[in-house]
Amino acid sequence: MERSVQEVGLLVKRLQHRHHRAMTAALTDLGVSLVQWDTLRHLHENPGASLHDLAQLTFQTDQAFGTLATRMADRGLIEREPGPGRAIRHRITAKGEHIRVEGGRRAAEVLTRSLGRLTAGQLDQLGGLLELALTDGPPDAG
């Protein structure tokens, strides 16, 4: 069966939407939203990241992320420190780290419910195809 690019695009969007809903539900009793948990995950991987960097990593505008970061700092999940120039650097706290780890366990459960149906080879293939689709430039003619 040959699928159109629209059909495949819709399947990608449906899977992303399913994951988003399920992860949001899984994180609720931890007291964080999916965007907040994603922020903690990115801060763990990029300690000292700037507001702008974190906004890009979490698909937020700088203004929206600034509001989010302020709320997270007020709750003791992250710390904000002055950086060079006007930059503000961010760091995860012990409380935030605990939520990041538990949220990561729950996220893995959500993803395993759908992607766990694929073999290791299929996961590698899907990952490669998605990376190829995200590559800038014209599609290969071959």
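No experiment lies behind these values; they were computed from the predicted model shown.

How do you make sense of the overall build of the protein chain when you look at a structure like this?
Along its length, the protein chain carries six helices and two strands. Reading the protein chain from its N end, one meets helices and strands in the order α-α-α-α-β-β-α-α. For the C-alpha atoms alone, the extent of the protein chain along its principal axes is close to 55 × 35 × 25 Å. Out of the 142 residues in the protein chain, the part that is buried amounts to 27%. Here the analysis covers contacts within the protein chain between residues at least 6 apart in sequence; of these, 51% occur between residues at least 24 apart.

Can you walk me through the nonpolar core in this structure?
Taken as a class, soluble globular proteins show a tendency for nonpolar side chains to be buried jointly. Ranked by size, the top nonpolar core spans 23 residues in total, and within it V32, W37, L40, F65, L77 and I78 carry the most contacts. When near neighbours in sequence (up to four residues on either side) are disregarded, L40 contacts M72, L77, I78, I92, G96, I99 and R100.

When you look at the pairing of strand β2 (residues 88-92) in this model, what are you seeing that I'm missing?
As a general feature of sheets, a regular strand has side chains that alternate between the two faces. For strand β1 (residues 78-82) and β2, the ladder comprises five bridges, and the chain directions are antiparallel. Looking across to β2, one finds that R80 is bridged to H90. Between β1 and β2, which pair antiparallel one after the other, the connecting turn spans five residues, and G85 there sits at a positive phi close to 65 degrees.

It is not clear to me how the side chain of H42 should be interpreted in this structure. Could you clarify?
With respect to the helices, strands and loops of the structure, H42 is situated in helix α2 (residues 34-45). Discounting chain neighbours no more than four positions away, the residues touching H42 are L54, L57 and T58.

Is there a simple way to explain unusual backbone geometry in this structure?
Of note, the phi angle at F59 is positive, near 60 degrees, even though the residue is not glycine. One can find F59 in the loop between α3 (51-57) and α4 (62-74).

How should the environment of L126 be read in this particular structure?
Here L126 shows up in helix α6 (residues 120-134). For L126 and L51, which are 75 residues apart along the polypeptide, the C-alpha to C-alpha distance reads 32 Å. The residues touching L126, leaving out its near neighbours within four places in the chain, are L115 and L118.

Can you help me understand the pattern of salt bridges in this one?
Two side chains of opposite charge can pair, provided their charged atoms sit close to one another. A full pass over the atoms with the stated rule returns eight salt bridges. In this structure, R106 and D29 form a salt bridge, with 2.4 Å as the shortest nitrogen-oxygen distance. Placement of R106 in helix α5 (residues 94-115) and of D29 in the loop between α1 (5-27) and α2 is noted, with a sequence separation of 77 residues between them. With its nearest N and O atoms 2.6 Å apart, the salt bridge here joins R100 to E97. Pair noted here: R100 and E97 are both in helix α5, with a separation of three residues, about one helical turn. You can call R100 buried: its relative accessible area is 16%. Residue classification places E97 among the partly exposed residues on the basis of a relative accessible area of 23%.

So what exactly am I meant to see when it comes to a nonpolar patch on the surface here?
Taken together, the side chains of V8, V12, L126 and L130 present a nonpolar region at the surface, about 290 Å² in accessible area. Looking at the nonpolar patch, the elements with two or more residues in it are α1 and α6.

I would appreciate a short explanation of the environment of P82 in the present structure.
With respect to the element layout, P82 can be found in strand β1. We classify P82 as exposed; its relative accessible area is 78%. When the C-alpha positions of P82 and L134 are compared, they lie 34 Å apart, and in sequence the two are 52 residues distant.

Quick notes on the rules
Numbering of residues starts from 1 in every chain and runs along the sequence as written. Residue-level local features of this predicted model are given only where pLDDT is at least 70; pairs of side-chain atoms are given and counted only at 80 or more, and the full residue set underlies all totals for whole chains, interfaces and linings. Computation of side-chain values: all heavy atoms of the structure, hydrogens and water removed. A run of H or I in DSSP counts as a helix once it spans at least four residues, and a run of E counts as a strand once it spans at least two, with each numbered from the N terminus. Categorising residues by exposure relies on relative accessible area from a 1.4 Å probe, with only protein chains included: less than 20% of the type maximum marks a residue as buried, more than 50% marks it as exposed, and the intermediate range marks it as partly exposed. We call two residues in contact when some of their heavy atoms are within 4.5 Å. In these notes, a set of buried Ala, Val, Leu, Ile, Met, Phe, Trp, Tyr and Cys residues joined through side-chain atoms within 4.5 Å is what counts as a nonpolar core. In short, DSSP must find at least two bridges between two strands for them to pair. The salt bridge definition used is simple: a Lys or Arg side-chain nitrogen within 4 Å of an Asp or Glu carboxyl oxygen. A residue counts toward a patch only above 30% relative accessible area and without a salt bridge, and it is joined to like-charged neighbours within 9 Å or, for Val, Leu, Ile, Met, Phe, Trp and Tyr, to nonpolar neighbours within 5 Å. Here the accessible surface of atoms and residues is derived via Shrake-Rupley with a 1.4 Å probe, and residues count as covered only by protein chains that are part of the display.

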